[in-house]
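# Descriptive analysis of the structure
Below are the chains, spelled out letter by letter.
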Amino acid sequence: TVKTSILRFLLSKIRNNQIAKGKGNLLTDEEILKEISAEVRRHAESIEFAQKGKRADLVDKEKAELAILESYLPEKLSQKEISKMVEDAISETGAKTSADFGKLMGAVMPKIAGRAEGATVAEIVKKELVQ
């Protein structure tokens, strides 16, 4: 089935990363979520390219696999929840200007881990720093 093949592929990627990390070092939940998120992004891009190429058969296949992968990710955060997390990180880090963008993103992204796209978080961070 589609689910079995996509899960085998994902487990293989996780195992390979485990091996690369070294003996006795387990992947963290965040690292596993990062792998799943990367596959979600890859499938979303494949859908876009297949649609441009008018390949409905590939679009359907990629969408089915994408749905399976997304079911293993935590629930997505709302814009309001992300904004609150950014505000909290601003308080923690003392970030004020756009020069603090990297520092603020570094503080926020580990807390979000797979629950929002980096571009969405970056957009909210930019808005908060401009104010």
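For the structure given in this document, a descriptive report is provided here. Fair warning: this is a prediction, and the values are worked out from it, not measured in the lab.

### Regarding the overall build of the protein chain
Assigned secondary structure in the protein chain consists of six helices and zero strands. Moving toward the C terminus, one meets the helices and strands of the protein chain in the order α-α-α-α-α-α. Projected onto the principal axes, the alpha-carbon positions of the protein chain cover approximately 50 × 45 × 20 Å. The burial tally for the protein chain puts 31% of its 131 residues in the buried class. When the accessible surface of the protein chain is split by element, carbon and sulfur atoms take 56% of a total near 8600 Å².

### Quick word on the packing of helix α1 (residues 2-21) against helix α2 (residues 29-52)
It is at 11 Å that the axes of α1 and α2 come closest, and there the two elements cross at 130°. With respect to α2, the axis of α1 lies oblique. Here α1 runs over α2; the crossing is right-handed. Facing Ile6, Phe9, Leu10, Lys13, Ile14, Asn17 and Lys21 of α1, the residues of α2 in contact are Glu31, Ile32, Glu35, Ile36, Glu39, Arg42 and His43. Residues of the contact of α1 with α2, tallied by class, amount to six nonpolar, two polar and six charged.

### Side note on helix α4 (residues 79-93)
The end-to-end C-alpha separation of α4 is 21 Å, in line with the 21 Å expected for 15 residues at 1.5 Å each. Every buried residue of α4 is accounted for by Ile82, Ser83, Met85, Val86, Ala89 and Ile90. Looking down the long axis of α4, one finds its buried residues gathered within 165° of arc, a one-sided arrangement. For α4, the exposed residues lying more than 90 degrees away from the buried face are Lys80, Ser91 and Glu92. At the exit of α4 stands glycine 94, carrying a positive phi of roughly 75°.

What counts and what doesn't
- Residues numbered from 1 in each chain as written.
- Predicted model: local features only at pLDDT ≥ 70, side-chain atom pairs only at ≥ 80, totals over all residues.
- Heavy atoms only, no water.
- Helix = DSSP H or I, 4+ residues; strand = E, 2+ residues; numbered from the N terminus.
- Buried < 20%, exposed > 50% of the residue type's maximum accessible area, 1.4 Å probe, protein only.
- Areas by Shrake-Rupley, 256 points an atom, 1.4 Å probe, with all protein chains shown as cover.
- Axes fitted to C-alpha atoms, helices over the stretch in contact; angles between N-to-C directions.
- Parallel < 35°, antiparallel > 145°, perpendicular 65-115°, else oblique.
- Left-handed = near helix turned anticlockwise from the far one by under 90°.
- Contact = heavy atoms within 4.5 Å.
- Nonpolar A, V, L, I, M, F, W, Y, C, P; charged D, E, K, R; others polar.
- Expected span 1.5 Å × (residues − 1).
- Arc of directions from axis to C-beta.

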